[in-house]
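Structure at a glance
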Amino acid sequence: MKEDLENIRAAALRDLETAETESAIEEIRVRYLGRKGELTAVLRGMGKVSPEERPAMGALVNRIKQEVEGGIGTSLDRARAAERSRRVASERIDVTVPGRRPQLGRIHPLTQITNELVGVFVGLGFSVAEGPEVEDDYHNFEALNFPADHPARDMQDTLFVEGGRVMRTHTSPVQIRVMEERKPPLQVIATGATYRHDSDATHSPMFHQIEGFMVDQGITFADLKGVLTRAVRELFAADCPVRLRPSFFPFTEPSAELDIGCFACGAAGGACRMCKGTGWIEVLGSGMIDPNVFEAVGYDPEQVSGFAFGIGVERIAMLKYEIDDIRLFFGNDLRFLEQF
Ligand code: PHE
């Protein structure tokens with residue numbers, strides 16, 4: 001029996017020597033010290049030992065049990081330390097590795113130009129209004145002095161929708177909507193999408209305008225010239241030459257287009273592509289609000305006067321950033337968008 005015990009002791013300690021994981025050690029504990037374990041089996045056989053030998057044998061069993069338990073403790077410590085260093089090694093974080101840069105979004109160039117223009121006019125005392133993109137004929141045309149069948153409607157390449165309505169061809173209907181609801185003095189701008197049946201390198205079926213108008217007693221063409229000159233100079237250059245050129249819009253009389261001196265050729269013209277040799281670049285349409293428009297909204301044209309203007313946002317952005325194809329704004333190509 002003593003020999004059996006020595007063998008068990010040696011085997012247990014040898015097994016513990018090579019056990020590497022906590023679960024392997026637990027298996028060893030069960031195998032030798034568990035309720036059905038080898039050492040326990042020997043203890044059960046104590047009954048067969050003679051009473052004289054029993055105390056010595058009992059002491060030996062206890063010593064071996066303690067020894068095996070001690071070995072288990074040591075092995076566990078070793079296995080846990082090994083496991084810890086394995087984990088530390090595998091979870092190691094190299095804090096010196098450069099991080100992944102998050103992709104930064106950018107404000108769309110058209111939104112940037114819109115914000116810039118709105119900022120200029122808000123600085124001049126204008127407030128901002130909005131109107132619907134699907135308009136009725138009355139606000140888009142009739143009230144703006146485009147009579148039915150008037151040839152000026154052809155200028156607009158209108159997109160029609162169901163119910164006799166149109167995609168607004170300009171932001172001018174917002175003038176009507178604001179004047180219907182409010183009384184002068186008014187100093188308002190409106191921005192938004194506009195639609196025309198037209199598509200090429202400089203025309204998009206959906207584009208954006210900024211409309212502005214000022215109505216009060218005694219507003220003159222000098223106010224139009226002063227406000228618009230100030231605004232385009234803030235937008236382009238403080239010393240940029242400005243001229244007003246006679247034009248036509250049904251809802252303004254007189255009407256004028258505003259040109260700035262070409263910044264590409266220094267207004268020299270010649271073979272300049274930007275201004276097609278004229279030395280001037282058209283930036284907006286404007287005019288004194290037609291008395292018929294005031295009558296449509298219930299204002300007395302004898303009492304009030306005003307001017308209005310409309311700016312093409314894409315056109316300004318193309319001029320400012322020297323972009324030659326309007327479709328780039330709507331292609332969502334990051335290589336294009338990331339330049340702004
Ligand atoms: N609504 C005109 C257009 O789209 C622009 C404009 C607005 C002209 C206001 C004069 C006054 O062409």
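Structure report, in brief. What you see is a predicted model, and the numbers here were worked out from it, not measured in a lab.

Assigned secondary structure in the protein chain consists of 11 helices and 10 strands. For 340 residues, the compact-globule estimate of 2.2 N^0.38 gives 20 Å, and the C-alpha radius of gyration of the protein chain, at 44 Å, exceeds that figure by more than 25%. Here the protein chain holds 340 residues, and 41% of them are scored as buried. Considering only contacts in the protein chain between residues 6 or more positions apart, those separated by 24 or more positions represent 65%. Taken as two groups, the 39 positive and 52 negative side-chain charges of the protein chain have centres that lie 14 Å from each other.

In sheet architecture, strand pairing relies on hydrogen bonds along the backbone and comes in two forms, parallel and antiparallel. Taken in spatial order, the three strands make up an open sheet running β2-β4-β3, and their pairing is antiparallel. Every other strand in the sheet has two partners, leaving β2 (134-136) and β3 (160-161) as the edge strands with one partner each. Inspection of the sheet shows β2 paired to strand β4 (residues 165-167) by three bridges, in the antiparallel sense. In the strand pairing of β4, E135 is matched with V166.

Moving on to the site of the ligand. Close contacts around the ligand come from 14 residues, with H170, S172, R196, Q209 and G310 the closest. A distance of 2.9 Å separates an oxygen atom of the ligand from a polar side-chain atom of R196. The separation between an oxygen atom of the ligand and a polar side-chain atom of Q209 is 2.9 Å. Contact with the protein chains hides 92% of the accessible area of the ligand, taken as 330 Å² for the molecule alone.

Position of D154 among the secondary structure elements: in the loop between α6 (137-140) and β3. In sequence terms D154 and C240 are 86 residues apart; their C-alpha atoms lie 34 Å from each other.

Considering all chains together, one arrives at 13 aromatic pairs under this definition. Measuring from centroid to centroid gives 5.8 Å for F236 and F263, while their planes differ by 20°, and the two rings are stacked. With F236 in the loop between α8 (221-235) and β7 (242-249) and F263 in the loop between β8 (252-261) and β9 (280-289), this residue pair connects regions lying 27 residues apart in the sequence. Centroid distance F329 to F336: 5.9 Å. Interplanar angle 75°. Geometry classified as edge-to-face. Like F329, the residue F336 is buried in the burial classification.

Within the largest apolar cluster, 41 residues are counted, with the highest numbers of intra-cluster contacts made by F121, F236, V283 and F309. For this core, the elements supplying multiple residues, two or more each, are α5 (109-123), β6 (206-216), α8, β8, β9, β10 (305-312), α10 (313-321) and α11 (334-337). With near-sequence residues (within four places) excluded, V283 lies in contact with V232, F236, L258, D259, I260, I311, R315, I316 and L319.

What follows concerns the pattern of salt bridges. A complete count under the given rule lists 15 salt bridges for this structure. For R9, the salt bridge identified is with E67, shortest N-O distance 2.4 Å. Pair noted here: R9 is in helix α1 (residues 2-18) and E67 is in helix α4 (residues 54-90), with a separation of 58 residues, a long-range link. The class of E67 is partly exposed, set by a relative accessible area of 30%. Residue D259 pairs with R243 through a salt bridge whose shortest N-O separation is 2.9 Å. In this pair, D259 sits in strand β8 while R243 sits in strand β7, placing the two residues 16 residues apart along the sequence. Salt bridges sharing partners connect three or more residues here, namely R243, R245, E257 and D259.

Calculation notes
- Residues numbered from 1 in each chain as written.
- Predicted model: local features only at pLDDT ≥ 70, side-chain atom pairs only at ≥ 80, totals over all residues.
- Heavy atoms only, no water.
- Helix = DSSP H or I, 4+ residues; strand = E, 2+ residues; numbered from the N terminus.
- Rg over C-alpha atoms; globule rule 2.2 N^0.38 Å.
- Buried < 20%, exposed > 50% of the residue type's maximum accessible area, 1.4 Å probe, protein only.
- Contact = heavy atoms within 4.5 Å.
- Lys, Arg positive; Asp, Glu negative; His and termini not counted.
- Charge placed at Lys NZ, Arg CZ, Asp CG, Glu CD.
- Pairing = 2+ DSSP bridges.
- Near = heavy atom within 4 Å.
- Polar contact = N/O pair within 3.5 Å; in protein donor to acceptor, adjacent residues only side chain to side chain.
- Areas by Shrake-Rupley, 256 points an atom, 1.4 Å probe, with all protein chains shown as cover.
- Phe/Tyr/Trp six-rings, centres within 6.5 Å; stacked < 30°, edge-to-face > 60°.
- Core = buried A, V, L, I, M, F, W, Y, C linked by side-chain atoms within 4.5 Å.
- Salt bridge = Lys/Arg side-chain N within 4 Å of Asp/Glu carboxyl O.

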